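Fold and geometry: a report
Chain by chain, the residues run as shown.
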Amino acid sequence: MFNLHKYCCLSFKITILGSSGALPAYGRHPSAQLVEIQSRSFLVDCGEATQMQLMRLQVNFHRVNHIFISHLHGDHYLGLMGLIFTMHLQKRVTDLHVYSHRGLDEIITTQLRYSRSAPAFKIIFHRLEKGLREIIFEDEALTVETIPLSHKIRCSGFLFKEKLKPRRIDKMKLPDGLLLQQIANLKKGDDVTDEHGNVIFRNEDLTFNPRKSRSYAYCSDTAFETSFIEQIKFIDMLYHESTFMDSDEVKATETKHSTARQAATVAELAGVKTLLIGHFSARYKDLSPILEEARTVFPNCKLAVEGEEFVIDD
Ligand SMILES: [Zn+2]
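Report follows, based on the coordinates.

1. Quick look at the sheet that holds strand S18 (residues 309–311)
What the 7 strands build is an open sheet, ordered S6-S5-S4-S3-S2-S1-S18; its pairing is mixed. Each having just a single partner strand, strand S6 (123–127) and S18 make up the two edges of the open sheet. The average angle at which neighbouring strand axes cross in this sheet is 20°, direction not considered. Where strand S3 (residues 40–46) and strand S4 (residues 64–68) come together, 4 bridges link them in parallel fashion. The partner of serine 41 across the bridge, within S4, is valine 64. Of the strands in this sheet, strand S5 (96–100) and S6 touch helix H3 (residues 104–114), which is tilted by about 155° from S6.

Encoded structure:
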């Protein structure tokens, strides 16, 4: 079926490629998500099978120029080499930016070296710093910043935030003869003035409020942690790992993962609009009890499973 959002340049969409925890199970694959914001395509984590999932969903992965890897447990990056190798075979030439904690550059370059492969595109590695909240990507429309998570090894989540958008011109009310610069000023929120600075037209009479700036946070893997609540306060959509159920809380604590109830508690404390849960343990075949558990704390919760698309409206 034709998917309008897929072709809309202003859309903000998350597509789930993998929802499984450490082991693939019951048709669920290790972690990976495609985040598409205003025509940009980002990959977040790249577990085994990511490229197969991208192909299955008919995603043109050559449009992905930035890949964010949360940490170096295999279920979050073992698909990266396969994807890079395919990009190489398909003669990609565009730079590929890879963001991760230390070590991934060594892992990838070693594999390329021993296979005597020299991709025609540059792979630019960006090292994430432990425990740091920092902006790692920025352009005219959005920022991506790291979220310090609490796991067995260095681990960061990612917060995607659209910047403030321009005010929208009310074309019905726009007077004739305005200069391009004056229209640009209106979009910025300024009034139209004459050469002496006197107001000719007030901004509020000629413009509408800007479209909403949307936000999405990816938090996997992590023990139950409230230290980053402030950073994700009131965002539109939160993905929080939910490896276990409450009945396995001891296991969750031991492995530095979260339960469904804990994920929902984070969403509740942060006042987010929608919660997605994923990274499910292979011990659970049926995911409905996990969803139910989370919904007892945070009703607007959804399962982030393979092939699901979540659109944030503006
Ligand atoms: Zn994991």
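Once you've had a look at it, read on.
2. Things to note about helix H7 (residues 260–270)
Because each turn of an α-helix spans 3.6 residues, side chains separated by three or four positions in sequence point in the same direction. Regarding H7, the residues found buried are Ala260, Gln262, Ala263, Ala264, Val266, Ala267 and Ala270. Against strand S15 (237–241), helix H6 (249–255), strand S16 (274–278) and helix H8 (288–297) lie the buried residues of H7. Phi for glycine 271, located one or two positions after H7, is positive at around 65°.

3. Some details on H8
All buried positions along H8 are accounted for by Ile290, Leu291, Glu293 and Ala294. Mapping the buried residues of H8 onto a view down its axis gives an arc of 160°, with all of them on the same face. Across H8 from its buried face, at more than 90 degrees, point the exposed residues Glu292 and Thr296. Each element contacted by the buried residues of H8 is listed here: H7, S16 and strand S17 (301–303).

4. Some points on the packing of aromatic side chains
In the structure shown here, the tally under the stated rule is 8 aromatic pairs. Taking the centre distance of 5.3 Å and the plane angle of 45° together, the rings of phenylalanine 68 and phenylalanine 158 count as tilted. On the criterion of sequence distance, the pair formed by phenylalanine 68 in strand S4 and phenylalanine 158 in strand S9 (residues 156–162) is long-range, its members being 90 residues apart. With respect to class, phenylalanine 68 is no different from phenylalanine 158; both count as buried. Measuring from ring centre to ring centre gives 5.0 Å for tyrosine 218 and tyrosine 239, while their planes differ by 10°; the resulting arrangement is stacked. With tyrosine 218 in strand S14 (residues 215–219) and tyrosine 239 in strand S15, this residue pair connects regions lying 21 residues apart in the sequence. For tyrosine 239, a relative accessible area of 2% gives the class buried. Three or more aromatic residues link up through ring pairs in this structure, and these residues are Phe42, Phe68, Tyr99, Phe137, Phe158, Phe160 and Tyr216. Looking at arginine 92, its charged tip hangs above the ring of phenylalanine 121, at a distance of 5.6 Å from the centre.

5. Looking at the coordination of the zinc ion
Surrounding the zinc ion are the protein donor atoms Asp75 (OD), His76 (NE2), Asp221 (OD) and His279 (NE2), at 2.1 to 2.2 Å. Each of the 4 donor atoms around the zinc ion contributes to a set of angles spanning 90 to 171°, which defines the coordination as irregular. For the zinc ion, the single-chain donor residues occur in sequence as D-H-x144-D-x57-H. Here aspartate 221, found in the loop between S14 and S15, pairs with histidine 279, found in the loop between S16 and H8; they are 58 residues apart in sequence, far enough to count as distant. Owing to a relative accessible area of 1%, aspartate 221 belongs among the buried residues under this scheme.

6. Regarding the packing of H7 against H8
Closest axis-to-axis distance for the H7/H8 pair is 8 Å, and the angle between their directions is 35°. Crossing handedness for the pair H7 and H8: right-handed. When H7 is examined against H8, the residues Ala260, Arg261, Ala264, Thr265 and Glu268 are found in contact with a partner set consisting of Ile290, Glu293, Ala294 and Val297. Partitioning the contact of H7 with H8 into residue classes produces 5 nonpolar, 1 polar and 3 charged.

7. Digging into the sheet that holds S14
Strand order in the open sheet made by the 7 strands is S7-S8-S9-S14-S15-S16-S17, with mixed pairing throughout. Edge positions in the sheet fall to strand S7 (135–138) and S17, since each has one partner strand and no second. Across this sheet, the average inter-strand angle for adjacent strands is 20°, counted without regard to direction. Examined bridge by bridge, S15 and S16 share 5 bridges and lie parallel to one another. If you follow histidine 240 over to S16, its bridge partner there is isoleucine 277. Along the sheet, H7 makes contact with S15 and S16, crossing S15 at roughly 150°.

So, how was this worked out
- Residues numbered from 1 in each chain as written.
- Predicted model: local features only at pLDDT ≥ 70, side-chain atom pairs only at ≥ 80, totals over all residues.
- Heavy atoms only, no water.
- Pairing = 2+ DSSP bridges.
- Helix = DSSP H or I, 4+ residues; strand = E, 2+ residues; numbered from the N terminus.
- Axes fitted to C-alpha atoms, helices over the stretch in contact; angles between N-to-C directions.
- Contact = heavy atoms within 4.5 Å.
- Buried < 20%, exposed > 50% of the residue type's maximum accessible area, 1.4 Å probe, protein only.
- Arc of directions from axis to C-beta.
- Phe/Tyr/Trp six-rings, centres within 6.5 Å; stacked < 30°, edge-to-face > 60°.
- Lys NZ or Arg CZ within 6 Å of the ring centre and 35° of its normal.
- Donors = N, O, S within 2.8 Å, 3.2 Å for Na, K, Ca; no water.
- Tetrahedral: all angles 85-135°; square planar, octahedral: opposite > 155°, others 65-115°.
- Left-handed = near helix turned anticlockwise from the far one by under 90°.
- Nonpolar A, V, L, I, M, F, W, Y, C, P; charged D, E, K, R; others polar.

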